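# Analysis of the macromolecular model
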Amino acid sequence: MKNKEIREMTDAELTAKVVDFKREKLNLKIQSRTGQLEKTARVREVRRDIARCLTEIAARKANAEVK
């Protein structure tokens, strides 16, 4: 997911996306432990997507407090 796409989302969409990514991360972790994971790089992508979304949420909160 690109930063531009994340910036265009609303706050509700961002929080829903974080929940979806965390659920996907859990599923990938389970697949990894059972030896069923084919795309190991996806774990890294999901982890970074979660961080991007959380960073944008924090930035919006900081901007809201300043104004």
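Up top is the structure.
Now for a description of the structure that goes with this document. (Residues numbered from 1 in each chain as written. Predicted model: local features only at pLDDT ≥ 70, side-chain atom pairs only at ≥ 80, totals over all residues. Heavy atoms only, no water.)

Moving on, we come to helix α2 (residues 11-34). With 24 residues, α2 ought to run about 34 Å at 1.5 Å a step, and its terminal C-alpha atoms sit 35 Å apart, in line with that. Those residues of α2 lying buried are L14, V18, F21 and L28. Buried-residue contacts for α2 involve α1 (3-8) and α3 (41-66). In the segment just after α2, G35 is the residue with positive phi, at about 80°. (Helix = DSSP H or I, 4+ residues; strand = E, 2+ residues; numbered from the N terminus. Expected span 1.5 Å × (residues − 1). Buried < 20%, exposed > 50% of the residue type's maximum accessible area, 1.4 Å probe, protein only. Contact = heavy atoms within 4.5 Å.)

Quick look at the packing of α2 against α3 now. Where α2 contacts α3, the two axes come as close as 9 Å, and the packing angle between them is 155°. In terms of orientation, α2 lies roughly antiparallel with respect to α3. In this structure, α2 crosses over α3, and the sense of that crossing is left-handed. In this structure, α2 contributes D11, L14, T15, K17, V18, F21, K22, E24, K25 and L28 to the contact, and α3 contributes R42, V43, V46, R47, D49, I50, C53, L54, E56, I57 and R60. (Axes fitted to C-alpha atoms, helices over the stretch in contact; angles between N-to-C directions. Parallel < 35°, antiparallel > 145°, perpendicular 65-115°, else oblique. Left-handed = near helix turned anticlockwise from the far one by under 90°.)

If you trace the backbone, E45 turns up in helix α3. C-alpha separation for the pair E45 and K25, spaced 20 residues apart in sequence, amounts to 9.6 Å.

What follows deals with α3. For α3, with 26 residues, the first-to-last C-alpha span of 38 Å sits near the 38 Å given by 1.5 Å per residue. Among the residues of α3, V46, D49, I50, C53, E56 and I57 are the ones counted as buried. Elements that come into contact with the buried residues of α3 comprise α1 and α2.

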